[in-house]
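A closer look at the structure
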Amino acid sequence: MSPSRIASRDTHSKLVGYLLWLFGFLGAHRFYYGKPVTGTIWFFTLGLLGIGWLIDLFLIPSMDRQADLRFEAGPINYSLAWLLLTFLGVFGIHRFYLGKWLTGILYLLTFGLCGLGVLYDFWTLNDQISLRHARRGIFNG
């Protein structure tokens, strides 16, 4: 793969990963890097009682590389979408950013569907964005 192709696949940010790692005992960084199962485990065990959270400090670079290879690059910024979801998800701001106006309004009026919609988006946001980028490539290609 050429260096320019690798650079164009830089879908996730280590800086954002480390910022979310600060809240990592809740699994935020694991969800960000596309690891919803372990993100959920971290959420319910407070980062495996803090031990897994500390270990992740050293695993973030490899999680970042894996996410860059796994998810499709495109015009929607994964990092921005994740920051919006993590900090403003109950208001649906991330949904507005993705162009999903109806569900954005629904989240805004229902406090993120009482948190269940936010939880769903924590599990699926990377795939939602990647799928949108793939579809864009099909229609433009």
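As annotated in an unreviewed UniProt entry, the chain carries the name TM2 domain-containing protein and comes from Halomonas aestuarii. UniProt, in the comment section headed Subcellular location (unreviewed entry), describes the chain in these words: "Membrane".

**Considering the domain arrangement of the chain**
Domains assigned within the chain are domain 1 (13–70) and domain 2 (72–140). Here the C-alpha centroids of domain 1 and domain 2 sit 19 Å apart. Buried surface at the junction of domain 1 and domain 2, both sides included, amounts to about 970 Å², of which 71% is carbon and sulfur. Joining domain 1 to domain 2, the criterion identifies 0 salt bridges. Sorting the residues of the side of domain 1 that touches domain 2 by element identifies α2 (14–21), α3 (28–32) and α4 (36–49) as the ones contributing at least two each. Class assignment of the residues belonging to the side of domain 1 that touches domain 2 gives a composition of 9 nonpolar, 3 polar and 1 charged.

**A few points about the side chain of Ser-130**
With respect to the secondary-structure elements, Ser-130 resides in helix α9 (residues 116–140). Residues within four places of Ser-130 in sequence aside, it is in contact with Phe-71, Glu-72 and Tyr-78.

**Quick word on the side chain of His-29**
Here His-29 shows up in helix α3. Its relative accessible area of 0% is what places His-29 among the buried residues. Within the local environment of His-29, its side chain forms a polar contact with the side chain of Asp-56, the two groups lying 2.7 Å apart. Dropping the residues within four chain positions of it, His-29 is found in contact with Gly-17, Leu-20, Trp-21, Gly-24, Trp-42, Trp-53, Asp-56, Ile-60 and Met-63.

**Things to note about a nonpolar patch on the surface**
On the surface, Leu-19, Leu-22, Phe-23, Phe-87, Leu-88, Phe-91, Ile-93, Ile-105, Leu-108, Leu-109 and Phe-111 cluster together into a nonpolar patch covering about 990 Å² of accessible area. For the nonpolar patch, the element with the most residues is helix α8 (residues 101–114), which contributes 4 residues. Note on placement: Leu-22 falls in the loop between α2 and α3.

**Quick look at α4**
Of all the bends in α4, the greatest, near 85°, is centred on Phe-43. Positioned one or two residues after α4, Gly-50 has a phi angle of 90°, which is positive.

**As for the environment of Gly-39**
You can see Gly-39 is positioned in helix α4. Here Gly-39 falls in the buried class, since its relative accessible area comes to 0%. Apart from the residues within four sequence positions on either side, Gly-39 is in contact with Leu-26, Gly-27, Arg-30 and Phe-31.

Rules behind the numbers
- Residues numbered from 1 in each chain as written.
- Predicted model: local features only at pLDDT ≥ 70, side-chain atom pairs only at ≥ 80, totals over all residues.
- Heavy atoms only, no water.
- UniProt positions renumbered as here; feature names shortened; annotations may be inferred.
- Domains from an automatic or database assignment.
- Buried area = accessible area lost by both parts, 1.4 Å probe.
- Salt bridge = Lys/Arg side-chain N within 4 Å of Asp/Glu carboxyl O.
- Helix = DSSP H or I, 4+ residues; strand = E, 2+ residues; numbered from the N terminus.
- Nonpolar A, V, L, I, M, F, W, Y, C, P; charged D, E, K, R; others polar.
- Contact = heavy atoms within 4.5 Å.
- Buried < 20%, exposed > 50% of the residue type's maximum accessible area, 1.4 Å probe, protein only.
- Polar contact = N/O pair within 3.5 Å; in protein donor to acceptor, adjacent residues only side chain to side chain.
- Patch = residues over 30% accessible without salt bridge, like charges linked within 9 Å, V, L, I, M, F, W, Y side chains within 5 Å.
- Areas by Shrake-Rupley, 256 points an atom, 1.4 Å probe, with all protein chains shown as cover.
- Bend = angle between axes of the 7 residues up to and from the residue.

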